[in-house]
Amino acid sequence: MRGGGAKFYKASLYIYEMQRVSPRGEWTLIANSYSMPLAKKVCAYLKAKNVTCVLESVVDKKFPDGSSFVKVGPSVMGNKVIVIHNHLVGQPEQTNYDLFLIADALKRANDEGVTLCPTYFVSRGDKRDEGRVPIAAKMYADLLQKAAGSKLERVTTVHLHAGQVQGFFDVPVDNIGTLPLFSWYIKNKLFKEIFSSGQQAKALAVLAPDKGSTVIAREAANHLGVPLSLRTKIRRDFEEEEGTVHTDSLEFSPSLRGRHVLIFDDLVDTGSTLIQASDDLVELHGAKSVWFFPSHLVMSKDKEGIPAEERMKNAKSKPKVVTTDTIQRSEEYLDQNSSWLHCVLSVAPLLGESIYRQINAMSIADLHKKPEEFESIIADCFRNNAASYLRENGAE
């Protein structure tokens, strides 16, 4: 093919690509580059449940000056759109800004409706606990709704730091808990022999490290059928102590001696609270081991510049972590931190089931009120696709 013929062929391909559309009337899942691994799992879950959906990509790139550009790949006119948005490691502002751009693009390119699914909603600034400070979570909710406009129908996220954040939105918000996911793993993988023999009440205990985690700790203890222990955490003034976390050393029940202690929380940041609690439990109170189950593995440096990963590796009590993929980590990261990062479970079944119920006008709240039902769904999911939804670093 020569001259004008070649040019005509290339132009035809370009026009075809520009006119490519998702089949009208289908559900379209879209994700940017760092969210695509999770989006593929969610899409696979939905297709396994006979949901007609397609997965499309968002073109994202950086200009030389560092500013961002995004473009929704195909036309999504006439389709309900669900945005799967993972958290970019160590870059919360960039993660949020990318979602704002995607939401704004869809506001101008879609006539049906949009559901946004940010897996880790940065919501720790949920109240004014001192003067002259913003309510960051409320501002984020306002900006997200402004970006998406009237096309925004729903927000689905995983384990909010505070449930009150749902009230910052004017659209329905699904706050998906991770307890069914962790419970399945504890019963069927981590401590399978203990549960099979019915010895969980004697061998395990759930600890609430602070008042904020008491609710989920009590729920976990009741669901697993193990005793609950409480601990108090004191945070000094941020300006004076640069946000350092100080934890009281309290007496626990003697029954913790020889037990595997389970701690559930929304996130682990610098790891200081976890490590101090773990060291106290093992050295002072005779705990057999300490297992931490954070929904979000943030892992930041402390005020001395020491990475949380390094602190975890050097912890005397050798605590172990089981977490989720709300914050995507590379295979290299998982291998390098295998001494303390025991397992990563995918939240794809949680997001997929919530989206499935939304599509079919089924109650999502009822599902969360029945963790055993959610757990059975997860069990089927992992049984059929364990390699994709679960990544273990090996036994202890």
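Conventions and cut-offs
- Residues numbered from 1 in each chain as written.
- Predicted model: local features only at pLDDT ≥ 70, side-chain atom pairs only at ≥ 80, totals over all residues.
- Heavy atoms only, no water.
- Helix = DSSP H or I, 4+ residues; strand = E, 2+ residues; numbered from the N terminus.
- Buried < 20%, exposed > 50% of the residue type's maximum accessible area, 1.4 Å probe, protein only.
- Contact = heavy atoms within 4.5 Å.
- Phe/Tyr/Trp six-rings, centres within 6.5 Å; stacked < 30°, edge-to-face > 60°.
- Disulfide = S-S within 2.5 Å.

Visitor: Outline the side chain of H85, supporting the account with residue identities and numerical values.
Guide: Within the secondary structure layout, H85 lies in strand 4 (residues 80-85). Given a relative accessible area of 3%, H85 falls into the buried group. Each residue touching H85, except ones within four places of it in the same chain, is listed here: N32, Y34, S35, T95, D98, L99, I102, C117, P118 and T119.

Visitor: Can you tell me about the packing of aromatic side chains, naming the residues and giving the values?
Guide: Evaluation of the coordinates by the stated rule reveals eight aromatic pairs. For the pair F100 and Y140, a centre-to-centre distance of 5.5 Å together with 40° between the ring planes defines the contact as tilted. In this pair, F100 sits in helix 3 (residues 92-109) while Y140 sits in helix 4 (residues 136-148), placing the two residues 40 residues apart along the sequence. Pair check on accessibility: F100 and Y140 agree, each one buried. Judged by centre distance (6.1 Å) and plane angle (80°), the rings of F191 and W291 are edge-to-face. Taken together, the positions of F191 in the loop between helix 5 (179-190) and helix 6 (192-196) and W291 in strand 13 (residues 289-297) put the pair 100 residues apart, joining distant regions of the chain.

Visitor: Provide a residue-level description of the state of the cysteines, including the pertinent values.
Guide: Two cysteines joined by a covalent bond between their sulfur atoms form a disulfide. Using the criterion set out here, one finds zero disulfides in the structure. C43 takes part in no disulfide bond, and the closest cysteine sulfur to it belongs to C53, at a distance of 3.8 Å. By relative accessible area, which is 4% here, C43 ends up buried.

Visitor: Lay out the environment of T95 with the relevant residues and their values.
Guide: Mapping T95 onto the fold places it in helix 3. Take T95: its relative accessible area is 3%, and that puts it in the buried class. Taking C-alpha positions, T95 is 9.9 Å from F121, a pair spaced 26 residues apart along the chain. If sequence neighbours within four positions are ignored, T95 has contacts with Y34, H85, N86, H87 and L88.

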